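# Architecture and fold: a report
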Amino acid sequence: MSEIHCHTCGGFITDPATVSYQAPSDATPAGPNSALCACIPSVVYGPPPGYLAWPGLANLTSPLGIQRSKAAAWN
């Protein structure tokens, strides 16, 4: 498993189940460090693991998906 660091304090997150996944903000995330994260909840910018950001993107690779996108463009 890869290391996960909190974007608020930069500390190492030991329990990924307690992470709050948020949309990126204008604030610069803290740089990773070797300390343990003490934030409640730990903050990570971006989607959670396994989340498909563009649900329709997988369909665009199939011929049917391409036909749908062309049909939508015609409308």
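Whatever comes next refers back to the structure up there.
Residues numbered from 1 in each chain as written. Predicted model: local features only at pLDDT ≥ 70, side-chain atom pairs only at ≥ 80, totals over all residues. Heavy atoms only, no water.

## Let's talk about the overall build of the protein
Along its length, the protein carries two helices and two strands. Starting at the N terminus and walking to the C terminus, you meet the elements of the protein as β-β-α-α. When the 75 residues of the protein are sorted by exposure, 19% land in the buried category. The long-range fraction of contacts in the protein, counting pairs at least 24 apart against all pairs at least 6 apart in sequence, stands at 45%. Of the roughly 5600 Å² of accessible surface on the protein, 62% is carried by carbon and sulfur atoms. (Helix = DSSP H or I, 4+ residues; strand = E, 2+ residues; numbered from the N terminus. Buried < 20%, exposed > 50% of the residue type's maximum accessible area, 1.4 Å probe, protein only. Contact = heavy atoms within 4.5 Å. Areas by Shrake-Rupley, 256 points an atom, 1.4 Å probe, with all protein chains shown as cover.)

## Focus: the side chain of Ser 20
Within the secondary structure layout, Ser 20 lies in strand β1 (residues 19-22). A polar side-chain atom of Ser 20 sits 3.2 Å from a polar atom in the side chain of Gln 22. Setting aside its immediate chain neighbours within four residues, Ser 20 contacts Pro 41, Ser 42, Val 43 and Val 44. (Polar contact = N/O pair within 3.5 Å; in protein donor to acceptor, adjacent residues only side chain to side chain.)

## Describing the side chain of His 5
Secondary-structure assignment places His 5 in the segment before β1. In terms of polar contacts, His 5 uses its side chain to reach the side chain of Glu 3, at 3.3 Å. Among residues more than four places away in sequence, those in contact with His 5 are Gly 10, Gly 11, Phe 12, Ile 13, Pro 32, Asn 33, Val 43 and Val 44.

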